[in-house]
Every structure is written in C-alpha cells, then in structure tokens.
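So the chains spell out like this:
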Amino acid sequence: MIREQYNSHWGMFFYFLALAVHFVTNDHSLRKDHKKVYDRFGRWLLTFAILLGWLVGVFIELKEIYISLLTAFLAGGIILNVLKEELPEERKSSFVAFFLGLVGYSVRTIKM
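These numbers were taken from a predicted model, which means no experiment stands behind them. Residue indices follow the written sequence of each chain, beginning from 1 at its first position. Local features in this predicted model are restricted to residues whose pLDDT is 70 or higher, and side-chain atom pairs enter the listing and the counts only when it is 80 or higher, whereas totals over whole chains, interfaces and linings include all residues. Excluded from the side-chain calculations are hydrogens and water; all other atoms, namely the structure's heavy atoms, are used.

### Details of the confidence of the model for the protein
Per-residue confidence from the prediction method is given by pLDDT, with values spanning 0 to 100. When pLDDT is averaged across the protein, the result is 79; 82% of the residues are at 70 or more. Every helix listed is a DSSP run of H or I at least four residues long, and every strand listed is a run of E at least two residues long, numbered separately from the N terminus. At the low end of the mean pLDDT range in the protein sits helix α4 (residues 95-111), at 72; at the high end sits helix α2 (residues 35-59), at 89.

What follows is the structure in structure tokens.
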C-alpha cells in the first residue's frame, strides 16, 4: 500500500473507510468470541503484524505478479470474513446493502 498510486484522494479515502469498518467489526467479533486471549495477545499480535507489513512495504519492492497475488489473497480473506461475520441473518444484516456498497465502490474505482 506504501507505493499505491491513487488517482484521487477520494479513492484513498474510500479504501481507508472500507478497511476501517472491516477492522472495527473484526475487533468487536474477536473480542466477543475470544475476550481473554484476544485482549492479552491477539490485539498486540495484529498490531505488530500491521507494523511489520508496513516495514516490509517500505524496504522491499515486490514484482507486480506477487503484489497481484497478495492483493487477491487479502481481498478473498476480507470477503470471506464479511460473509461470515458481518452478514449473518441472525444479526439482521442486509445483503442488499452489502451488494450496493460493493457495486458503488467498484464503479467508483473503475472510473478513477
């Protein structure tokens, strides 16, 4: 993400917003399901992983194919997590809202 080139600040903002919502939801879910372990180890491990990823991004330049593969893996993981944690019926989530957000974000990204 360090070398990512956005055509506008809006693209960067929407990407930030999507990941922020995802991280907050994940934090809530992990704390609810694994409170003791997550509060003691999990949140620190995830924070360290983010910082480590940033350092790797600063000092190591990957070929485009590896970036594409890692991006696809990350996107798949996020989508799987959204479908598993953020859209279950018992939480009264809306697949229509998810789909409209997906389409809106995709159209916005394509236009950039």
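Moving on, there is more to tell.
### Some thoughts on the packing of helix α1 (residues 9-33) against α2
Each pair of packed helices can be described by the angle between their axes along with the distance between the axes. Interaxial angle, 0 to 180 degrees, is taken between N-to-C directions of lines fitted to C-alpha atoms, where a helix line uses only the stretch in contact. In the contact formed by α1 and α2, the axes pass within 7 Å of each other and the chain directions differ by 145°. The segment α1 lies against α2, with D27, L30, R31 and D33 engaging K35, Y38, D39, R43 and L46. Taken together, the residues that form the contact of α1 with α2 break down as three nonpolar, no polar and six charged. We call two residues in contact when some of their heavy atoms are within 4.5 Å. Nonpolar residues are Ala, Val, Leu, Ile, Met, Phe, Trp, Tyr, Cys and Pro. Charged residues are Asp, Glu, Lys and Arg, and all others, Gly as well, are polar.

### Some details on α2
Taking 1.5 Å as the rise per residue, α2 with 25 residues should run 36 Å; its terminal C-alpha atoms sit 35 Å apart, in good agreement. In this analysis the local bend is the angle between axes fitted, respectively, to the seven residues ending at and the seven residues starting at the residue. At F41, α2 shows its maximal kink, close to 45°. Only protein chains enter the accessibility calculation, which uses a 1.4 Å probe. A residue is then buried if its area is under 20% of the maximum for its type, exposed if over 50%, and partly exposed in between. By the burial criterion, the buried members of α2 are Y38, D39, G42 and G57. Buried residues along α2 sit in contact with α1. The span expected for a helix works out to 1.5 Å for each residue beyond the first.

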